[in-house]
Amino acid sequence: MADRIKIAVIPGDGIGPEIMEQALLVLNAAGEKFGFKADIRVLLAGGASIDEYGIPLTGETLDACRSSDAVLLGAVGGPKWDNVDPGIRPEKALLGLRSGLGLYANLRPAKLFGELSHASPIKGIKDTDILFVRELTGGIYFGKSGEYTSEDLLPDGTPYGNVAFDTETYSEGEIRRILKIAFDAAGGRRRKLSLVDKANVLTTSRLWRKIFNEMAAEHPSIETECLYVDNCSMQLISRPSDFDVIVTSNMFGDILSDEAGMITGSVGMLPSASLGAPGKPGLFEPIHGSAPDIAGTGKANPCAAILSVAMMLRYAFNYNDAAHAIERAVSKTISDGYRTADIYSGRPEEKISDLCEITLAIIKNIG
Ligand code: IPM
Ligand code: MG
């Protein structure tokens, strides 16, 4: 009898539904080969939920995610909802899922596929394989925020007028648990860990650095370094292949992981896993957005969603063989020349493919 796994599926908005459809075909193919069966429950979140229920994430959707074994998400958001009340923007669904499921650890591998190195803006890039470990439920994303009007004047006499604020708060507990994930991850890879912060300015960063240095002393086999975020954004371009694991706060991780996506060729290739307490459902999603401009054209790259399925099989179910098989199949498909528009450069060995063609090739390569 095949194992049954219970997956909450949130296709979302824009290209979300079409890449999810492809990802589920790959999940089923892997299940047939490796002996598991996915029971899928499709849920609305983001813009699709605003249209149906008036809010981006309902309590029922969150509960359904909580009672599943894992959550697969496409992408949320789009210009259609640009003018909704900021309290119910589609992105709130993601933030609500992250905090509601306690998903504090965001793993974002940025790996260069050798054949795609020409798609990178970095000349001569090779052998780049970085794992971002981004704190996901704290920091400025979830700190106190608000707006008020002030009668005060700036020193030069300009009136303050309306004032808005967002604050960054981090506790030792939040920092320690994400650093532990990062040290463990580095231990299983090339044993290099970089902390990225802004400790020359921010008090929160200084707390991160203090705890990081303590933990580094307890992990003598891991080579560690601390970098300021502005410097790191340069180093990522000048020496991308030197980095192994980068651990950082919610906000810096958001920014740097997009930068790394570009460096490695296309965000269309990059998956992610968001994990909480062991035994609780994690959420797996591409790092790219909903790309409403290409929705329905067949141009979307399903690889990030498909690789997110692989991450799900590995992290949520320990199906390492199935995860490897999907990752190998994606690599082979790229080596065979299949290219969606974002990774096509017009070389003779490349075959421009729509999202269904590339998915079929991936499924064939799973065997
Ligand atoms: C990401 C996205 C989200 C974030 C947005 C959509 C809220 O940019 O997952 O990187 O900022 O975390
Ligand atoms: Mg982002």
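Residues numbered from 1 in each chain as written. Chains lettered and ligands numbered in written order. Predicted model: local features only at pLDDT ≥ 70, side-chain atom pairs only at ≥ 80, totals over all residues. Heavy atoms only, no water.

Draft legend 1. Structural detail: the state of the cysteines. Tallying each qualifying case throughout the model produces 0 disulfides. Residue C226 stays outside any disulfide, its sulfur separated by 12 Å from that of C232, the closest cysteine. (Disulfide = S-S within 2.5 Å.)

Draft legend 2. Representation of the side chain of S308. You can see S308 is positioned in helix α9 (residues 303-317). According to the relative accessible area criterion, S308 is buried, its value standing at 0%. (Helix = DSSP H or I, 4+ residues; strand = E, 2+ residues; numbered from the N terminus. Buried < 20%, exposed > 50% of the residue type's maximum accessible area, 1.4 Å probe, protein only.)

Draft legend 3. Just helix α6 (residues 203-218), in detail. A rise of 1.5 Å per residue sets the reference length of α6, with its 16 residues, at 22 Å; its end C-alpha atoms lie 23 Å apart and thus fit the reference within 8%. Burial in α6 covers these residues: T204, S205, W208, R209, I211, F212, M215 and A216. Turning to α6, the residues buried within the fold contact β5 (129-135), α5 (172-187), β8 (192-197), β9 (223-228), β10 (245-248) and α8 (250-263). (Expected span 1.5 Å × (residues − 1). Contact = heavy atoms within 4.5 Å.)

Draft legend 4. Layout of the packing of aromatic side chains. Tallied over the full model, the rule gives 5 aromatic pairs. With a centroid separation of 6.2 Å and 55 degrees between ring planes, the pair formed by Y148 and F165 is classed as tilted. Taken together, the residues Y148 in strand β6 (residues 145-153) and F165 in strand β7 (residues 159-166) connect sequence positions 17 residues apart. Between F183 and F212, the aromatic rings sit 5.5 Å apart at their centres with planes inclined by 35 degrees, giving tilted as the arrangement. (Phe/Tyr/Trp six-rings, centres within 6.5 Å; stacked < 30°, edge-to-face > 60°.)

Draft legend 5. Structural view of the site of ligand 1. In the vicinity of ligand 1, the residues found are E91, L94, R98, R108, R134, Y141 and D254. At a separation of 2.7 Å, an oxygen atom of ligand 1 approaches a polar side-chain atom of R98. One of the side-chain nitrogen or oxygen atoms of D254 is found 2.8 Å away from an oxygen atom of ligand 1. Protein burial of ligand 1: of its 320 Å² of free accessible surface, 76% is covered by the chains. With 3 residues, the single largest contributor to the shell around ligand 1 is helix α4 (residues 91-100). The residue inventory of the shell around ligand 1, partitioned by class, reads 2 nonpolar, no polar and 5 charged. Both domains that meet at the shell around ligand 1, namely domain 1 (1-101 + 281-367) and domain 2 (104-135 + 168-271), each give it at least three residues. (Near = heavy atom within 4 Å. Polar contact = N/O pair within 3.5 Å; in protein donor to acceptor, adjacent residues only side chain to side chain. Areas by Shrake-Rupley, 256 points an atom, 1.4 Å probe, with all protein chains shown as cover. Nonpolar A, V, L, I, M, F, W, Y, C, P; charged D, E, K, R; others polar. Domains from an automatic or database assignment.)

Draft legend 6. Representation of the sheet that holds β8. Spatial strand order, β2-β1-β3-β12-β11-β4-β5-β10-β8-β9: 10 strands in an open sheet with mixed pairing. Across the chains shown, the open sheet's two edge strands, defined by having one partner strand only, are β2 (36-42) and β9. On average, each strand axis in the sheet is inclined to that of its neighbour by 25 degrees, with strand direction left out of account. Where strand β11 (residues 271-275) and strand β12 (residues 282-286) come together, 4 bridges link them in antiparallel fashion. Note that in β12 the partner of P271 across the bridge is P286. Across the sheet, α6 is in contact with β5, β8, β9 and β10; its angle to β9 comes to roughly 170 degrees. (Pairing = 2+ DSSP bridges. Axes fitted to C-alpha atoms, helices over the stretch in contact; angles between N-to-C directions.)

Draft legend 7. Quick peek at the domain arrangement of the chain. The domains assigned to the chain are domain 1 (1-101 + 281-367) and domain 2 (104-135 + 168-271). Computed over C-alpha atoms, the centres of domain 1 and domain 2 are 24 Å apart. Of the residues lining the interface, 22 residues belong to domain 1; the matching set on domain 2 comes to 16 residues. Between domain 1 and domain 2 the total buried area reaches about 1600 Å² when both faces are included, carbon and sulfur atoms providing 66% of it. Of all residues in domain 1, I287, M311 and I343 give up the largest surface area on contact with domain 2, accounting jointly for 36% of the area buried on that side. Where domain 1 touches domain 2, the interface holds 0 salt bridges. Where domain 1 meets domain 2, there are 7 residue pairs in polar contact (both at pLDDT 80 or more). Examining the composition of the side of domain 1 that touches domain 2, we find that 6 residues originate from one element, α9, more than from any other. For the side of domain 1 that touches domain 2, the per-class residue count stands at 10 nonpolar, 6 polar and 6 charged. (Buried area = accessible area lost by both parts, 1.4 Å probe. Salt bridge = Lys/Arg side-chain N within 4 Å of Asp/Glu carboxyl O.)

Draft legend 8. Representation of a nonpolar patch on the surface. Together, L44, Y53 and I55 give the surface a local cluster of nonpolar side chains, amounting to about 250 Å² of exposed area. Checked against the element boundaries, L44 lands in the loop between β2 and α2 (47-53). The class for L44 is partly exposed, based on a relative accessible area of 31%. (Patch = residues over 30% accessible without salt bridge, like charges linked within 9 Å, V, L, I, M, F, W, Y side chains within 5 Å.)

Draft legend 9. Spotlight on the nonpolar core. Ranked by size, the top nonpolar core spans 86 residues in total, and within it L179, V247, L313, I326 and V330 carry the most contacts. When residues of this core are assigned to their parent elements, the largest contribution, 10 residues, is made by α9. If sequence neighbours within four positions are ignored, I326 has contacts with V26, A30, I306, V309, A310, L313 and I366. Residues C65, V71, L94 and L103 belong to the second largest nonpolar core, which totals 17 residues. (Core = buried A, V, L, I, M, F, W, Y, C linked by side-chain atoms within 4.5 Å.)

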